[in-house]
Amino acid sequence: MKLLVIGNGAREHALVWAASKGRHSVFCAPGNAGTAGLGRNLPIDPLNALAIVSACRELGIDLVVVGPEHALAAGLVDALEAAGIRAFGPNKKAAVLESSKAIARAFSERHGIPCAQTTLFSPGTGSADFFRWLDAQQGRRIVLKKSGLAAGKGVMESDDPAELRAFGEAVLAADGLLAEEFLIGQELSVFALCTEGGYRLLDPAADHKKALVGDQGANTGGMGAVSPLPFATKELMARIDREIVGPTFKGMAAESLAYRGILFFGVMATADGPRLLEYNVRMGDPETQSLLPRLENDLGELCFEVSAGRLPVPRFSSRVSCGVVIAAPGYPISYPRGLPVEIRDAGPELALGKPEAGFCTMPGDSAACALLFQAATGRDPDGGLRTGGGRCFTAVGLGQDWAAAQANAYGLASHVHFEGAWYRTDIGAKIYGK
Ligand SMILES: Nc1ncnc2c1ncn2[C@@H]1O[C@H](COP(=O)(O)OP(=O)(O)OP(=O)(O)O)[C@@H](O)[C@H]1O
Ligand SMILES: [Mg+2]
């Protein structure tokens, strides 16, 4: 099968890596230096639907898997379907569940899905209502969210009225604003493969959204992810399924929002039960990088089946996975791009961009146990590797237990060098205890 992955992040590198294990011909648009080592990059902007459609026709692409939310929200799947090209992902109408948090929150309230208590403020009506509402909160901790897409950076939580006021006012100047009660609990990312006919849950993962150790600092696109989750018991997953996932798909069917792809539920497991934080209509980054090395199905086949309206059973190995994001200096605020990267002393097994990019192996385990996924990287004419974004790499460690996974992830991360590179040193600690 010829498969085209859209995007250039570490998530897309992981998708291309997993698909290329199944001996499919894999293309990536626009891809990065990592995907170039596994398949063929096409220099096409994910927002240029016309160019993607014509490349698909020219190359005889059998399936397009769309990574980034911007392309989905802009209607890439609509353009592909209109051209008779099979796609994995929602059309523009359904992508609104992610691209408008205001619409998504109204949808979940209509269908009785438990969420944080939320107050919506519309754009263009000034900030007076919001200021009055804030004054009545008396210093309570609040989460403010920009309604539209913001790459994980449109959310602020605080109990400082001045900070909340400034953030809310800035958002309201151009977009809708959601003000939510601050929920306390354990957060997890729940993924469902979906068609119009039903859904199947994948193993959940846990992202680390805050920039700094101990979940401090600003929100980011995600600084690391682990899977599986010992706290995600059968009972908890059954409750999430019953109270959040099931009612969502029922509501989507009723409102003609069903699609073939992935629906991702951001969930907070609180003492009062699970609460939906948000929907995303695609795989998560960095969750994908941690999950796919545990997936035992052929990824290309799995996505193809879903795109054809069928729901195969996803299978995951029992290996533990720890993904550590290596970021550029200044991320998530402002950061340089194009920094030269050096991978030092990593041994001959570490071949950047190769499917067997494992750099240490466990006795008796032939599978790779550390994988370096690249995001937006490029190559100099002389072959040198350069960063291209804020979250530059995800170093994923795998192991039979948490200690091995963690050691493999951080062992690999320590070999990746560029000026000002940094990462959280506590990925997974809140879940596995150290
Ligand atoms: N009501 C809440 N209470 C506590 N924390 C919250 C709440 N809402 C959001 N958060 C925190 O903020 C993070 C980002 O919020 P949310 O997932 O809604 O935004 P996003 O920008 O769409 O994120 P993503 O990049 O994952 O799509 C969440 O992952 C969670 O850690
Ligand atoms: Mg989101």
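Because the structure is predicted, anything quoted here is derived from the model rather than measured.

*Asks:* Explanation requested: the site of ligand 1 in the structure shown.
*Replies:* Around ligand 1 sit 20 residues in total, of which Lys-101, Lys-145, Leu-183, Glu-187 and Glu-278 are the nearest. Between ligand 1 and Glu-181 there is a distance of 2.9 Å, counted from a nitrogen atom to a backbone nitrogen or oxygen. Here an oxygen atom of ligand 1 and a side-chain polar atom of Arg-282 are 3.4 Å apart. Relative to its unbound accessible surface of 610 Å², ligand 1 loses 92% to contact with the protein. Among the elements of the structure, strand 7 (142–146), strand 8 (155–158), strand 9 (177–181) and strand 17 (273–280) are those that each provide at least two residues to the shell around ligand 1.

*Asks:* Just checking my understanding: could you explain the domain arrangement of the chain for this structure?
*Replies:* Once the domains are mapped, the chain shows domain 1 (2–89), domain 2 (118–181), domain 3 (184–307) and domain 4 (320–432). Here domain 1 and domain 2 have C-alpha centroids that lie 36 Å from each other.

*Asks:* Where do I start with the sheet that holds strand 24 (residues 416–417) in this structure?
*Replies:* Backbone hydrogen bonds are what pair the strands of a sheet, in a parallel or an antiparallel way. Within the open sheet, the 4 strands sit side by side as 21-22-19-24. Their pairing is antiparallel. Only two strands of the sheet have a single partner each, and these edge strands are strand 21 (378–379) and strand 24. Of the strand pairs in this sheet, strand 19 (residues 340–343) and strand 24 are connected by 2 bridges, and their pairing is antiparallel. Bridged to Ile-343 within strand 24 is Val-416.

*Asks:* For this particular structure, what's the right way to read the packing of aromatic side chains?
*Replies:* Any pair of aromatic rings gets described here by the distance separating the centres and the angle formed by the planes. Per the stated rule, a full pass over the model turns up 14 aromatic pairs. Judged by centre distance (4.7 Å) and plane angle (15°), the ring pair of Tyr-199 and Phe-249 falls under stacked. Here Tyr-199, found in strand 11 (residues 198–201), pairs with Phe-249, found in helix 10 (residues 234–254); they are 50 residues apart in sequence, far enough to count as distant. Here the aromatic cluster, defined as three or more aromatic residues joined through ring pairs, consists of Phe-107, Tyr-199, Phe-249, Phe-265 and Tyr-279. The ring of Phe-182 is capped by Arg-141, whose NZ or CZ atom sits 5.1 Å from the centre of that ring. Stacked on the ring of Phe-131, the Lys or Arg Arg-165 has its end atom at 3.8 Å from the ring centre.

Rules used throughout
Residues numbered from 1 in each chain as written. Chains lettered and ligands numbered in written order. Predicted model: local features only at pLDDT ≥ 70, side-chain atom pairs only at ≥ 80, totals over all residues. Heavy atoms only, no water. Near = heavy atom within 4 Å. Polar contact = N/O pair within 3.5 Å; in protein donor to acceptor, adjacent residues only side chain to side chain. Areas by Shrake-Rupley, 256 points an atom, 1.4 Å probe, with all protein chains shown as cover. Helix = DSSP H or I, 4+ residues; strand = E, 2+ residues; numbered from the N terminus. Domains from an automatic or database assignment. Pairing = 2+ DSSP bridges. Phe/Tyr/Trp six-rings, centres within 6.5 Å; stacked < 30°, edge-to-face > 60°. Lys NZ or Arg CZ within 6 Å of the ring centre and 35° of its normal.

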